[in-house]
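# Observations on chain architecture
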Amino acid sequence: PANAILVNPGSPQTVASGATVSLNGSATDSDPNGGALSYVWTGPAGITINPANTASTSFVAPVLDAAAQPLNLVLTLTATNQVGGSGSAQVTITVLPPAPPTVTAGAAQVVTSGSTVFLTGSATGADTVQWSQTPAATVSLNNANTVSASFTAPVVPYGQPSQTLAFQFTGTNAVGSASATTAVTVLPAQPLSVSAGADQAVLSGATVMLSGSISDP
């Protein structure tokens, strides 16, 4: 019978311009005498599905201009058995035009004077990334051209106000760039905490032990 085969062409997908797209179809034949299934994928003009005669295959999405609208491609998987039964189903692949990267610079931080500070950003779709201090550099950034950079916080003397440092994280690709900022607040150094020990009452002529302590916050 013509309706004996149930075809599943896989789930809809959203892919990037120029990406390789995997198609994972399947089919179930309710005819016990249908024999082996054969498959054929078909798509819009200009789309080359290779191979087109297997349930699972792939194609390369068209390369779109940055100003283009998303492109919906409707592909059809047809399965046929050995006694004339067949079934078809369609799946939509949405191709997105190229876009600038999406970046984040991480949450703001509060750190101690002179400590090592780590900056961790994220960049989706970026070919290169760069950390920089704004508006001008007052610290030396390590690994500034990676997602994770670090620096040594300046020493803020005790009694002085905290310092807030601003950093910008930029991702760049062929379409353009995007930036995000984060802030690091450096607390002033704290004085040593000194204890001379508890008061003592001792006998005349006794040996007295003094026990003090110092801690650095």
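In this report, we go over the structure that sits alongside the text. Note that the structure is a prediction, hence the values are computed from the model and not measured.

Here we come to the nonpolar core. In this structure, L23, F59, L75 and I93 are the most contacted members of the largest nonpolar core, which totals 22 residues. When residues of this core are traced back to their parent elements, those giving at least two are β1 (5-8), β3 (20-24), β5 (38-42), β7 (71-80) and β8 (86-96). Ignoring any residue separated from it by four or fewer positions in sequence, one finds F59 in contact with A19, T20, V21, L23, I47, T48, I49, L73, L75 and I93. Counting 21 residues, the second largest nonpolar core, distinct from the first, contains V111, L165, F169 and A180.

This paragraph deals with a nonpolar patch on the surface. On the surface, L192, V194 and I214 cluster together to form a nonpolar patch covering roughly 340 Å² of accessible area. Looking at the element boundaries, V194 is found in strand β17 (residues 193-195). By relative accessible area, V194 is classed as exposed at 63%.

Turning our attention to the environment of T48. Within the fold, T48 resides in the loop between β5 and β6 (56-60). The residues contacting T48, other than those within four sequence positions of it, are S58, F59 and V60.

Topologically, S150 is positioned in strand β14 (residues 148-152). Among all residues touching S150, those that are not within four sequence positions of it are V117, F118, S140, L141 and N142.

Procedures and definitions
- Residues numbered from 1 in each chain as written.
- Predicted model: local features only at pLDDT ≥ 70, side-chain atom pairs only at ≥ 80, totals over all residues.
- Heavy atoms only, no water.
- Core = buried A, V, L, I, M, F, W, Y, C linked by side-chain atoms within 4.5 Å.
- Buried < 20%, exposed > 50% of the residue type's maximum accessible area, 1.4 Å probe, protein only.
- Helix = DSSP H or I, 4+ residues; strand = E, 2+ residues; numbered from the N terminus.
- Contact = heavy atoms within 4.5 Å.
- Patch = residues over 30% accessible without salt bridge, like charges linked within 9 Å, V, L, I, M, F, W, Y side chains within 5 Å.
- Areas by Shrake-Rupley, 256 points an atom, 1.4 Å probe, with all protein chains shown as cover.
- Salt bridge = Lys/Arg side-chain N within 4 Å of Asp/Glu carboxyl O.

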